[in-house]
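One-letter residues, chain by chain:
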There are 2 protein chains.
Amino acid sequence: MTPSDPAETRPQTATLAEIAREAGVSAPTVSKVLNGRADVAPGTRTRVENLLRAHGYRRRRAEATRSPLIDLVFHELESAWALEVIRGVENVARDAGLSVVLSESAGRLTPGRTWADQVAARRPHGVILVLSGLDESQRALLTSRSVPFVVMDPAGDPGADVPSIGATNWQGGLAATRHLVELGHRRIGAISGPPQMMCSRARVDGYRAALETAGLPVESDLIRTGDFHHDTGYRVGRELLARPDRPTAVFAGNDLQALGLYEAARELGLRIPEDLSVVGFDDLPVARWVGPPLTTVRQPLTEMAEAAARLVLELGRSDNGSAEGPAATRVELATSLVVRSSTGVPPLAGS
Amino acid sequence: MTPSDPAETRPQTATLAEIAREAGVSAPTVSKVLNGRADVAPGTRTRVENLLRAHGYRRRRAEATRSPLIDLVFHELESAWALEVIRGVENVARDAGLSVVLSESAGRLTPGRTWADQVAARRPHGVILVLSGLDESQRALLTSRSVPFVVMDPAGDPGADVPSIGATNWQGGLAATRHLVELGHRRIGAISGPPQMMCSRARVDGYRAALETAGLPVESDLIRTGDFHHDTGYRVGRELLARPDRPTAVFAGNDLQALGLYEAARELGLRIPEDLSVVGFDDLPVARWVGPPLTTVRQPLTEMAEAAARLVLELGRSDNGSAEGPAATRVELATSLVVRSSTGVPPLAGS
């Protein structure tokens, strides 16, 4: 898990001159291949690369020409949990002697073309994409430059061969909703995140599974679509709570939407948890600070970011030489329910 | 304010060969001087540098060898307002085609030695230090590599020649406390930030000035030392509120300490604002979301970060050629009071 000793990454004993001799080319030609220069005939390049690989040289080349940087790309920096992720990547980068380059794909679900060119030019040790994806040409560009990448908490389905780190979102939605069912709630609403995000779908599916296994009906008009922001939690919360048959509890999808729901409840004169129970998701620092402190599903964001950073560095080290990459390239870290004061038994009228 | 046209930054017409001729040296020697190589005799270097400067070349050199990066260094990434700052720097960097490298000086008030070496090696377009300073050797290192730097919201006294961007902290402390005085409060507490931070001192001095100009006594045991974190706001808040002659209002120094104070009040059964008025400082997004929404002093963090990023890029452009730098290298942006629901008239018993 710790960065390996530099010596350990250079197992080869052959010098460039020896490889040049073996390949029947000049040493400068071997150098060109090592440095990825274009002016080498394809046949020669292949022959030299095979020899370099056999002698464990490719890895050395990749490490030698990489900048001491890790790229961290957010879909957007709006969310308070970005900071938890940054901290995790910083922790691992610092230990590895690397600096973190931060970008935002700014509302687009794949970072812009320019971004990929910049990354290819600076050749970081790896790229971590948070709730963001790469298109085909971007993937090809990074792969051709031996820049490994990992997706954290995939927004869409990242594809079977994309290394990713997530959390057990489905399990979290299940635990949140079971907690409400066990308290006696029967009309339980849910606010999802954006439907194109897999983490959001998984949470709501967990909610459904909890209701179904408890023998409770899943009422589609108690499930509302959000976008993980406070304002939407407020707006959708107003709609849910204004109904004559309003739910006695809501699984808010994430903490920010839960805070929006708090505001909606306050405006309508509903007390939490006496009139309404609320469960969030994430366990941001603010969840402890609001009144009443929020019951929520803890997502280990900093640990997930650390795992993503370690994985991308590992991918970089196993870039060649060995045929296979690290063992697990798709990992889900466990979520856990944190019960605070925003959940309680349902009001008598609702039971 | 917008990045200048590349062509505009290269006003010189002389070629390297012409400068070499004029200086009586070879073109490779001029090249060595341009690239900061050590193997040039001091007299020759001075002669060539003077000619290069006369022809506007130094600037071009600096721009040519800089990485397309801006370094952003935080004292710590704990605080939720780091995100507001990151966003501002990202905005300006994106427009200038630069990427942002993020570091944390992790509890030390000057970033570590290794960090300065890394920055010197990658030669970014500039460095922005947030609540962090540089020691003499770090300054010398960056200066020798023509890497400009700007301090945002200085933690200590940055020295007269250090470019800095701040906010009108004193004015904010004054406005917060005047608001409470005008509501009728007479016993007003204050929680400071860390005493070594100038912004913290300025806020409390503004609080004192408001009391004194209103003819109210400044009671030293109503002023407590904090550290800008939630937990301290809670702990110090408990102390202040447990007194038999507790204050009817508290200027909490920043928003996180205000939220800690909310928790202390909740535990003691004190209602906000009926029993206790609270004013924060910063206006983080969460200030709008808590119950009741927090009256606070808005600090334009994103705008401050944008100003710092623009200033550092400007410093880089005026690095040479022109004798003087940008006009204003010490700027304070205005703070403003945002009145929400956490402040009201004092309880009858306290009037």
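I will try to describe carefully the structure that is included in this document.

What counts, and at which threshold
- Residues numbered from 1 in each chain as written.
- Chains lettered and ligands numbered in written order.
- Predicted model: local features only at pLDDT ≥ 70, side-chain atom pairs only at ≥ 80, totals over all residues.
- Heavy atoms only, no water.
- Helix = DSSP H or I, 4+ residues; strand = E, 2+ residues; numbered from the N terminus.
- Expected span 1.5 Å × (residues − 1).
- Buried < 20%, exposed > 50% of the residue type's maximum accessible area, 1.4 Å probe, protein only.
- Salt bridge = Lys/Arg side-chain N within 4 Å of Asp/Glu carboxyl O.
- Phe/Tyr/Trp six-rings, centres within 6.5 Å; stacked < 30°, edge-to-face > 60°.
- Lys NZ or Arg CZ within 6 Å of the ring centre and 35° of its normal.
- Least-squares fit on C-alpha atoms with pLDDT ≥ 70 in both.
- Contact = heavy atoms within 4.5 Å.

**What to know about helix α8 (residues 169-183) of chain B**
Residues and elements named next belong to chain B.
Alright, step 1. Between its first and last C-alpha atoms α8 spans 22 Å; for 15 residues at 1.5 Å apiece the expected length is 21 Å, and the two agree.
Alright, step 2. Of the residues making up α8, those classed as buried are Asn169, Gly172, Gly173, Leu174, Ala176, Thr177, His179, Leu180 and Val181.
Alright, step 3. Just downstream of α8, Gly184 is the residue with a positive phi angle, here 110°.

**Things to note about the pattern of salt bridges**
Alright, step 1. One pass over the structure, following the stated rule, counts 28 salt bridges over all chains.
Alright, step 2. Here Arg187 of chain A makes a salt bridge to Asp245 of chain A, at a shortest N to O gap of 3.1 Å. On the criterion of sequence distance, the pair formed by Arg187 of chain A in the loop between α8 (169-183) and β6 (188-192) and Asp245 of chain A in the loop between α10 (230-242) and β8 (249-251) is long-range, its members being 58 residues apart.
Alright, step 3. We note a salt bridge from Asp221 of chain B to Arg243 of chain B, for which the minimum N-O separation is 3.2 Å. A residue pair is termed long-range when its members are at least 10 positions apart, and Asp221 of chain B in the loop between α9 (198-213) and β7 (223-225) and Arg243 of chain B in the loop between α10 (230-242) and β8 (249-251) qualify at 22 residues.
Alright, step 4. Linked by salt bridges that have partners in common, Arg187, Glu219, Asp221, Arg243 and Asp245 of chain A make up one network.

**Concerning the packing of aromatic side chains**
To describe a pair of aromatic rings, one takes the distance between the centres and the angle between the planes.
Residues and elements named next belong to chain A.
Alright, step 1. Summed over all chains, the structure comprises 2 aromatic pairs over all chains.
Alright, step 2. Residues Phe251 and Phe281 carry aromatic rings whose centres are separated by 6.5 Å and whose planes lie at 55° to one another, so their mutual orientation is tilted. In this pair, Phe251 is assigned in strand β8 and Phe281 in strand β9 (residues 277-282), connecting sequence segments 30 residues apart.
Alright, step 3. A relative accessible area of 0% means that Phe251 is categorised as buried.
Alright, step 4. Judged by its relative accessible area of 0%, Phe281 is buried.
Alright, step 5. For the cation-ring pair, Arg203 lies above Phe281, with the distance from its terminal atom to the ring centre recorded as 3.7 Å.

**So, the relation of the copies chain A and chain B**
Alright, step 1. Superposing chain A onto chain B requires a rotation of 180° together with a translation of 0.1 Å along the rotation axis, leaving an RMSD of 0.2 Å. Within this description, the copies of the chain are treated as partners about a two-fold rotation axis. Considering only C-alpha atoms, the residue of chain A closest to the rotation axis is Val101 of chain A, which sits at 2.1 Å.
Alright, step 2. Comparing interface residues between copies, 100% of those in chain A also lie at the interface in chain B; the contact surface is shared.

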